[in-house]
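Notes for the structure review
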Amino acid sequence: MDYNRKYFEEKILPLVTKPITYQGNEVNAVHKEITPETIRFAFAFPDTYEVGMSHMGMKILYSLLNAQENIWCERVFAPWIDMEEKMRENQIPLFALESGDPIAAFDFVGFTLQYEMSYTNLVNMLDLGGIPLLSKDRQAGDPFVVAGGPCAYNPEPLADFVDIFVLGEAEEVILEMMAVYRSWQASGADRETCLKAMAQLEGVYVPAFYEPAYNEDGTLKAFVPTVAEAPKKVRKRFIADLDKAFFPDAFVVPYTETVHDRVSYEIFRGCGRGCRFCQAGMIYRPIREKALPTIEEKIAKLLETTGYDEISLASLSSGDYSKIEALIGDLVDSYEKERIGVSLPSLRIDSLSIEMLEQIQKIRKTGITLAPEAGTQRMRDVINKGVTEENLLSTVSTAFERGWGHIKLYFVIGLPTETEADIKGIAELGQKVVDAYLAVPKEQRNKSVKVVLSTSCFVPKPFTPFQWMGQNTGEAFIAKQKQLKAEIKDRRISYNWHDGSLSYLEAVFARGDRRLGRVLLEAHKVGCRFDGWNEHFDPEKWAQVFEAAGVDPDFYALRQRPFDEVLPWDFIDIGVTKEFLQKEWQKAMEAALTPYCKAGCSSCGIMQFSKGWKCHEHYTV
């Protein structure tokens with residue numbers, strides 16, 4: 001470190017919360033000797049250690065980079081408020097955990113963008129690290145700032161701050177980027193030459209090489225590359241064969257509790273359900289499953305190297321894995337005696353088997369969480385959820401008969417065409433779940449029942465059929481929340497809801513353009529950070545920020561877009577066509593369903609995009 005390590009550990013760490021999260025000597029952390037050939041990569045998660053250490057992408061890329069000779073990947077997280085104060089008071093730059101070196105000394109600082117409300121943390125971390133905030137101000141010797149993750153599918157709000165965006169799955173392209181960097185380093189050429197070489201890699205977007213033009217009404221007129229090396233369309237990257245893709249044999253094991261404190265293993269990528277509100281279901285197509293032996297062998301290795309006592313089977317909808325029952329049966333049989341539990345964090349109502357749930361909850365019996373998403377069948381058809389009230393009530397009735405008593409139901413309010421009847425339907429569905437409990441004989445059911453209804457405020461996202469939709473106003477969200485609360489009469493039903501003002505800001509940045517860069521600079525000046533945390537989000541401060549920056553946030557959040565408007569992310573090719581999304585919007589207005597991909601191809605475009613990929617060859621119907 002550039003500062004006294006002993007002073008830091010003895011005088012600063014005792015004064016902050018969770019000092020252990022700043023020390024970096026955990027089990028399986030990687031330490032390497034630095035040589036002149038070493039490429040140094042700081043993997044930056046723009047949130048706390050506890051949140052970031054649960055992120056699957058970081059675990060994969062950290063291990064992948066460190067498996068390469070002469071590359072050292074370290075971790076860096078956003079310091080909590082008390083630590084930031086001490087760092088600024090003592091002029092301690094933001095540092096990577098493994099070496100303690102300032103991130104400004106690295107070749108790359110790579111951010112994962114999981115949530116729009118982390119953008120202010122990204123800017124603050126650059127500032128804490130002593131890295132010029134704007135990419136145009138960086139010179140020879142400054143790190144290249146890289147960003148990827150789901151929010152990178154609309155990179156424009158961060159275009160002023162990020163040198164290189166990675167669009168899609170990074171396991172292959174990140175190694176290609178390291179090879180380009182090493183060749184450039186040897187050549188002695190200028191920084192722009194490296195960026196031009198990066199821009200020619202599939203899945204890489206360099207915002208400095210593109211120029212937006214605007215119409216008089218503020219909408220985007222054109223978006224064109226300014227150098228020959230930059231493609232007009234940037235294709236996302238995806239891994240065709242997950243069995244051959246890199247996956248680590250060991251994870252770093254924290255000494256403190258994290259959000260997901262378990263072995264998390266990805267069993268497949270993608271989703272063919274086609275829920276119209278869901279960005280992940282579109283951007284992660286096509287579906288690619290891992291083979292059963294691959295999964296079981298890797299899980300065994302991870303349990304051995306980490307010592308965890310719980311396995312989480314990760315995907316967008318784990319119950320859709322074609323061999324899910326066999327997998328669960330094998331895992332329970334293998335680890336039940338060792339009291340190692342199995343969990344499925346993402347389950348659909350229509351793929352949930354209570355027998356399967358009973359099997360995985362032999363070790364730890366918890367509540368059941370289900371996501372009907374909407375309170376009426378019409379609304380569920382609008383969003384193409386593909387489940388019915390009968391599916392839900394059948395599932396919960398069986399659960400109550402087997403002794404469960406705690407049910408959580410997740411809904412979204414503010415969806416297209418929503419009416420008061422749809423809001424009322426949420427309360428009615430909750431009551432029907434309670435009635436299903438009461439229908440079970442007393443001697444058979446749990447002694448008590450608790451039904452929790454939880455609503456989030458809908459945020460229209462890029463690359464979904466609802467990307468053209470204007471979001472509900474804050475007043476409309478509050479009115480709907482009040483209506484739902486008033487509709488709930490049974491004390492056995494509780495209601496939780498999300499702050500609509502936070503969802504509004506999320507919508508601004510989800511569909512924003514690069515003019516929001518000056519908003520983020522203004523937000524940084526007034527101290528905005530950790531905006532995803534309720535105790536630090538200040539809507540009044542943000543209103544002042546937009547006014548000072550001369551930007552109208554309603555333009556991005558509330559405005560309905562016509563189909564022919566140029567969207568800030570139109571230059572990105574995810575494989576799912578704009579024509580398909582427009583057809584899905586029209587079907588939503590008609591409350592018409594589109595079948596699950598396993599039931600029949602809806603011609604979304606992914607098979608043409610993915611070079612001969614045939615979805616039906618990868619499904620077990």
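Structure: above.
This section reports on the structure supplied with the text. Predicted model, so just to flag it, every value in this text is computed and none were measured.

Reading the values: rules and limits
Residues numbered from 1 in each chain as written. Predicted model: local features only at pLDDT ≥ 70, side-chain atom pairs only at ≥ 80, totals over all residues. Heavy atoms only, no water. Helix = DSSP H or I, 4+ residues; strand = E, 2+ residues; numbered from the N terminus. Buried < 20%, exposed > 50% of the residue type's maximum accessible area, 1.4 Å probe, protein only. Contact = heavy atoms within 4.5 Å. Areas by Shrake-Rupley, 256 points an atom, 1.4 Å probe, with all protein chains shown as cover. Lys, Arg positive; Asp, Glu negative; His and termini not counted. Charge placed at Lys NZ, Arg CZ, Asp CG, Glu CD. Pairing = 2+ DSSP bridges. Axes fitted to C-alpha atoms, helices over the stretch in contact; angles between N-to-C directions. 1 Å grid on protein atoms, 1.4 Å probe; cavity = no way out; pocket = protein on both sides within 12 Å on 5 of 7 lines; lining within 4 Å. Points joined across faces, edges and corners; volume = space filled by probe spheres on them. Nonpolar A, V, L, I, M, F, W, Y, C, P; charged D, E, K, R; others polar. Expected span 1.5 Å × (residues − 1).

Of the regular secondary structure elements, the protein chain holds 21 helices and 19 strands. Projecting the C-alpha coordinates of the protein chain onto the three principal axes gives extents of approximately 75 × 65 × 55 Å. In the protein chain, which comprises 621 residues, the share counted as buried stands at 59%. A separation of at least 24 residues holds for 76% of the contacts in the protein chain among residues at least 6 apart in sequence. Accessible surface, the protein chain: about 25200 Å² in total, of which carbon and sulfur atoms supply 50%. Of the side chains in the protein chain, 71 bear a positive and 89 a negative charge, and the two mean positions are spaced by 3 Å.

Another point: the sheet that holds strand β15 (residues 368–373). Within the open sheet, the 4 strands sit side by side as β15-β16-β17-β18. Their pairing is parallel. In this open sheet, the two edge strands, each paired with only one partner strand, are β15 and β18 (493–497). With direction set aside, neighbouring strand axes in the sheet form an average angle of 20 degrees. Sheet analysis places strand β17 (residues 450–457) next to β18, joined by 5 bridges and oriented parallel. The residue bridging V451 from the neighbouring strand is I493, located in β18. Relative to β15, helix α13 (residues 389–401) is tilted by about 165 degrees, and along the sheet it contacts β15 and β16 (406–413).

This brings us to empty space enclosed by the protein. Applying the stated criterion across every chain, the model contains 7 cavities of 30 Å³ or more. Here the largest cavity is characterised by a volume of approximately 70 Å³. Taken together, 13 residues make up the lining of the largest cavity; nearest its centre are D513, F555, R559, E565 and P568. Here the residues of the lining of the largest cavity are counted per class, giving 5 nonpolar, 2 polar and 6 charged.

With that out of the way, let us pick up unusual backbone geometry. That bond from R285 to P286 is cis: its omega, 0 degrees, falls within 30 degrees of zero. The backbone phi angle of K18 is positive, close to 50 degrees, even though this residue is not glycine. Its relative accessible area of 45% is what places K18 among the partly exposed residues. Non-glycine residue N70 carries a positive phi angle of around 65 degrees. Note on placement: N70 falls in the loop between α3 (56–66) and β2 (71–77). Looking at N70, the relative accessible area reads 28%, which means it is partly exposed.

The subject of this paragraph is helix α10 (residues 324–335). End to end, α10 covers 16 Å across 12 residues, agreeing with the expected 16 Å (1.5 Å per residue, within 8%). Among all positions in α10, only I324, L327, I328, G329, L331, V332 and Y335 are buried. Taken together, the buried residues of α10 touch α9 (292–306), β13 (310–314), β14 (341–343) and α11 (354–360).

Purely geometric numbers; function is a separate question.
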